[in-house]
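# Remarks on the overall topology
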Amino acid sequence: MEKREYKLLKGNEVIAIAAIRCGCDGYFGYPITPQSEVMETLMELKPWETTGMVVLQAESEVASINMLYGGAATGKKVFTSSSSPGISLMAEGLTYLAGAELPCLIVNVVRGGPGLGTIQPAQSDYFQATKGGGHGDYRLIVLAPASVQEMNDFVDLGFELAFKYRNPVMILSDGMIGQMMEKVELSPEKPRWTNEEIEKKYGSWIVKGKPSTRERHIATSLELDSAKQEKFNQKLVAKYAEVTKNETRYEKIMCDDAEYLIVAYGSSARISQKTIELAREKGIKLGLLRPVTLFPYPSKAIQELTPQLKCVLAVEMSTGQMVEDVRLAVNGKIPVEHYGRVGGMIPSPEEVLNAVENLIERK
Amino acid sequence: MAKIKGTIVVDVEKCKGCGVCVPSCPTKTIALGREVNGKGYNYMQMVNPDTCTGCTNCATVCPDTVITVYRVKVE
Amino acid sequence: MIKPENLVYSRTKVLTENIMHYCPGCSHGTVHKLIAEVIDEMGIQDKTIGVSPVGCGVFAYNYLDIDWLEAAHGRAPALATAAKRLNPDRYVFTYQGDGDLASIGTAEIMHACNRGENIVVIFINNAIYGMTGGQMAPTTLIGQVTATTPYGRNVELNGYPLKITELIAQLPGTCYVTRQTVYNPVTVRKTKRAIRKAFENSMMKKGTSFVEVVGTCSSGWKLTPVDANQWMIDNMFPEYPLGDMKDI
């Protein structure tokens, strides 16, 4: 049996290590708190001397995301990491990547906004991550880790989904998971794809130099013919439907007999998990549904639970963003409320329980 | 004495009649004609075919690469 | 006479059959042709990745029969950086206009050149925004009338023409920085040699090669193509003098 490797690591550090181990070809990024350890770790590990991975500190987030475009189009596994204000700068590049159908990974270690905001954790970029951020009809596949282990696991998964669907994938983390240390089982080491492997897998679209045997490949999101652009948009819709069908991931905790439900992702889900324990001790039949993918959103799972529930509380470190998707899933059948702390404040399990009890009392 | 003779073939339908080739011709062989092509451009043509030396100047400056040049040595 | 053995100039096969959307006399067409000829003569069609800009050159990918990346406005050097670093055996070039390179993409071009990316940059400077209908460019001359400087570029209002190539020549990451033009056979041939040198440099790990081509925009300048060439000689060259700024 393969030897398992465990390490005590920060969420940000493990992103870097997981990327090297999964055969990533390139990282392009710009320092911003609270995620700078991603690039720092990469620079310290010097993967260009071992796996040949390229690591480059770009001049800005705008450049980083466009470097991803340049790398992804050649069939390479490329990723960047940033935090909220940096992701806003990347919005342009994200929509171009989605429009050109290029695979890449973006890690957003969210901090509180708006504007320069705070460097403390928040979940206030849910709308930006799941509803667009950039212009035009497009979606990112969004993974929401709730542990350092998942920070590790979602790097490989993110690349897998990105290439499977030729779409940018975002790991939507936050400053808490990025900065905290946990024991992690590292992923097995995989070699980088060779140029021959890339050609074999993705030779139908990569921009690599045109041999005389094929038509030229163009990575572009430009189409002046409206009828063709509409057709392309419909193709994207079909792709997103396929992603929704195949890739919706969530975790249900104590939901079988639940009369009340918390829906929470990432850090809030960790906190809410403790709330479930506290509630159960008090005899409150509280369950937790944790969306692991935020796009596609586990609407169906929430819908299916709705008949057994009296009300739902969406817990998130924002003023109420994901709660809108919970309401859409529940579709008015039962009350859905939001509880959140913002600006870098992190709710305690007790105050979440308090919010649950208040909600139960009022309904 | 050997003499150089040249000629050009213009892809008339692709010529936009910009005329930048005309001053590049050292022997005043070419000019924009009165006739128009399918796009309505007065395309370039040889007005003094005998003087062409096949120097390739016109083809070199042509932004739309519509000129093909041939050249022979006549003894 | 019209026989294959007598052929001395024909359209390179690296140009596609598509008719370019450029206006009559536009320098873009000439420069496209030169790049195509260099790629053809070097035999690197299967090893070349072009990065097209936003601006009139956006559709360059329709005209050169090579693989292309179409970049967001100004970002071509960032795309090229990654494409080259991840595929060092490929020839990577950007093709950018003055708005793309010298205005919205100033950060990307300066830093790519300063890092000494082993790429080729072809910079078309015609002192105007052609694609959007003739607005002021960073390189628009003082007093030059454009759609957004209807009374002429005014220094107090608009600042000065940006001589970005002179700035780039100062960067230690660049190995070859030159300003050329394409209005007559001599200058076209010189520009072609410059482009060829730039492509060759990109495989020698010498740093960035930067070729500015001062060109005309007869539609934007509201002149005939032939008059535009003369206007360029009279007005553009004094501000943007031709020649090599750096050749290491």
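Cut-offs used in this document
- Residues numbered from 1 in each chain as written.
- Chains lettered and ligands numbered in written order.
- Predicted model: local features only at pLDDT ≥ 70, side-chain atom pairs only at ≥ 80, totals over all residues.
- Heavy atoms only, no water.
- Patch = residues over 30% accessible without salt bridge, like charges linked within 9 Å, V, L, I, M, F, W, Y side chains within 5 Å.
- Areas by Shrake-Rupley, 256 points an atom, 1.4 Å probe, with all protein chains shown as cover.
- Salt bridge = Lys/Arg side-chain N within 4 Å of Asp/Glu carboxyl O.
- Helix = DSSP H or I, 4+ residues; strand = E, 2+ residues; numbered from the N terminus.
- Buried < 20%, exposed > 50% of the residue type's maximum accessible area, 1.4 Å probe, protein only.
- Contact = heavy atoms within 4.5 Å.
- Buried area = accessible area lost by both parts, 1.4 Å probe.
- Nonpolar A, V, L, I, M, F, W, Y, C, P; charged D, E, K, R; others polar.
- 1 Å grid on protein atoms, 1.4 Å probe; cavity = no way out; pocket = protein on both sides within 12 Å on 5 of 7 lines; lining within 4 Å.
- Points joined across faces, edges and corners; volume = space filled by probe spheres on them.

A surface patch of nonpolar side chains, amounting to about 240 Å² of accessible area, comprises V9 of chain B together with M1 and I2 of chain C. Counting through the fold element by element, I2 of chain C comes out in the segment before β1 (7-9). On the accessibility criterion, I2 of chain C (51% relative accessible area) is exposed.

A few words on the arrangement of the chains. Of all 2 pairs of chains in contact, the one with the most contacts involves chains A and C. A minimum C-alpha distance of 21 Å separates chain A and chain B, which share no contact.

Let us look at the interface of chain C and chain A. Contact with chain C, which involves 36 residues of that partner, is made by 34 residues of chain A. The junction of chain C with chain A conceals about 2700 Å² of combined surface from both sides, 61% of it contributed by carbon and sulfur atoms. Among the residues of chain C in contact with chain A, Y61, D67 and L86 of chain C are the three that bury the most area, contributing 23% of the side total. Between R214 of chain A and D67 of chain C there is a salt bridge; the shortest N-O distance is 2.7 Å. Elements represented by at least two residues in the side of chain C that touches chain A include exactly β2 (48-52), β3 (67-70), α2 (76-86) and α4 (106-115) of chain C. A total of 7 residues in the side of chain C that touches chain A trace back to one element, the largest contributor, which is α2 of chain C. When the residues that make up the side of chain C that touches chain A are grouped by side-chain class, the tally is 16 nonpolar, 9 polar and 11 charged.

All names here are of chain C. Counted under the stated rule, the structure contains 39 salt bridges over all chains. Here E37 ties to K192 by a salt bridge, and the two come within 3.1 Å at their closest N and O atoms. Note that E37 is positioned in helix α1 (residues 27-42) and K192 in helix α7 (residues 185-201), a separation of 155 residues in sequence. On the basis of relative accessibility, which here comes to 19%, the residue K192 falls in the buried class. Residue E117 is joined to R115 by a salt bridge in which the shortest nitrogen-to-oxygen separation is 2.6 Å. A relative accessible area of 3% places E117 in the buried class.

Here we come to the environment of A194 of chain C. Residue and element names in this part refer to chain C. Counting through the fold element by element, A194 comes out in helix α7. Residue A194 is classed as buried on the basis of its relative accessible area of 3%. Linking A194 and V213, residues 19 residues apart in sequence, is a C-alpha distance of 10 Å. Those residues within four positions of A194 in sequence are excluded, and the remaining contacts are Y176, T178, Q180 and V211.

Next up on the list: the layout of surface pockets. All names here are of chain A. Roughly 430 Å³ of internal volume is contained in the largest pocket. Lining the largest pocket are 19 residues; nearest its centre among them are G99, E101, I218, T220 and F232. Sorting the residues of the lining of the largest pocket by element identifies β9 (218-219) and α9 (226-247) as the ones contributing at least two each. Its residues placed into classes, the lining of the largest pocket shows 8 nonpolar, 5 polar and 6 charged.

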